[in-house]
Amino acid sequence: MTTMSVAQKSSRAAKVLAAAEELVVKQGFKGVTMSAVAQRAHVGKGTPYLYWNTKEDLFLEIIARSLADVLHDLAAQVRAEPALAVAERLCVALAKAWLGRPLVRALQVTDADVLGALLDDPRAHAIAAESGPPAILRRLIPLWREHGTVRTDWSAEEQAAALELLLIGYFAAQTRTISPDMAEDRAGVLGMSISAMLQASQPAKADSVPLADRVSDLLDEYARQLQNAQAEHRRD
């Protein structure tokens, strides 16, 4: 009997993940079966079950991986461009990045056509609650306040609540018909609103890199937490 190497196992799992993501975007969670995923990935019919107990486990890992990728990518962007670490720019970048990944977008705007019953899974709720915009913003606001880039006459809790409401409106606007003028630059309007509300400003030149480093580290931390949490549910 041939024992499969770690690299071979990883390769097969990666094929399954890629195939499953492609199918769910096209057909929705309800319309995808594990056998269809296996066929699309060009692996044996039972191969997905070697790594995931259920279809829900598989697709929850895809969502978590997508969100982790978004956060890692944004952390790298902030390190490369420290000015991106300030509130109005980072919030816009986060929002656009979340909407740029189909399954993260579906989770954020509660798209039942894509995610179906998966939206009711407590683990999906946990991903959104623990690594979605509100959770991350509540950790970012103290950094912005400490580095003097947002107003401090509001409490951090008030600022987090206000930002969350703005982002809820921004995400809701993605699925609604709005005026053509506003539709062209939703992200720009979001950025201006955040800047005005927080009286945001650039950090002192000597402080821009330290702020960017702390913001990047925080985003990477959330990404690692997502990856580690999902690894616990996969068979190796």
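Refer to the preceding data block for the structure.
Predicted, not measured: the structure shown is a model, and the values here were computed from it.

> Could you give an account of the packing of aromatic side chains, naming the residues involved and the relevant values?
Counted by the stated rule, this structure contains four aromatic pairs. Taking 5.6 Å as the distance between ring centres and 55 degrees as the angle between the ring planes, the aromatic pair formed by tyrosine 51 and tryptophan 52 counts as tilted. By the ring-pair criterion, three or more aromatic residues cluster together here, those being Trp98, Tyr170 and Phe171.

> Explain unusual backbone geometry to me, using residue names and the numbers behind them.
Non-glycine residue histidine 42 carries a positive phi angle of around 60 degrees. In this fold, histidine 42 is placed in the loop between α2 (34–41) and α3 (48–51). The phi dihedral of threonine 110 falls on the positive side, at around 50 degrees, and the residue is not glycine. With respect to the secondary-structure elements, threonine 110 resides in the loop between α6 (102–108) and α7 (112–115).

> Give a description of the nonpolar core that names residues and reports values.
In terms of nonpolar packing, the biggest core is built from 77 residues, with Leu58, Phe59, Leu140, Trp144 and Val215 touching the most fellow members. A per-element tally of this core places helix α4 (residues 55–80) first, with 12 residues. Here leucine 140 is in contact with Leu90, Leu94, Val215 and Leu218, once residues within four sequence places are set aside.

> I'd like to hear about the environment of glycine 44, residue by residue, with values.
Residue position: glycine 44 is located in the loop between α2 and α3. What makes glycine 44 partly exposed here is its relative accessible area of 38%. Sequence separation between glycine 44 and arginine 12 is 32 residues; the distance between their C-alpha atoms is 10.0 Å.

Conventions we followed
Residues numbered from 1 in each chain as written. Predicted model: local features only at pLDDT ≥ 70, side-chain atom pairs only at ≥ 80, totals over all residues. Heavy atoms only, no water. Phe/Tyr/Trp six-rings, centres within 6.5 Å; stacked < 30°, edge-to-face > 60°. Helix = DSSP H or I, 4+ residues; strand = E, 2+ residues; numbered from the N terminus. Core = buried A, V, L, I, M, F, W, Y, C linked by side-chain atoms within 4.5 Å. Buried < 20%, exposed > 50% of the residue type's maximum accessible area, 1.4 Å probe, protein only. Contact = heavy atoms within 4.5 Å.

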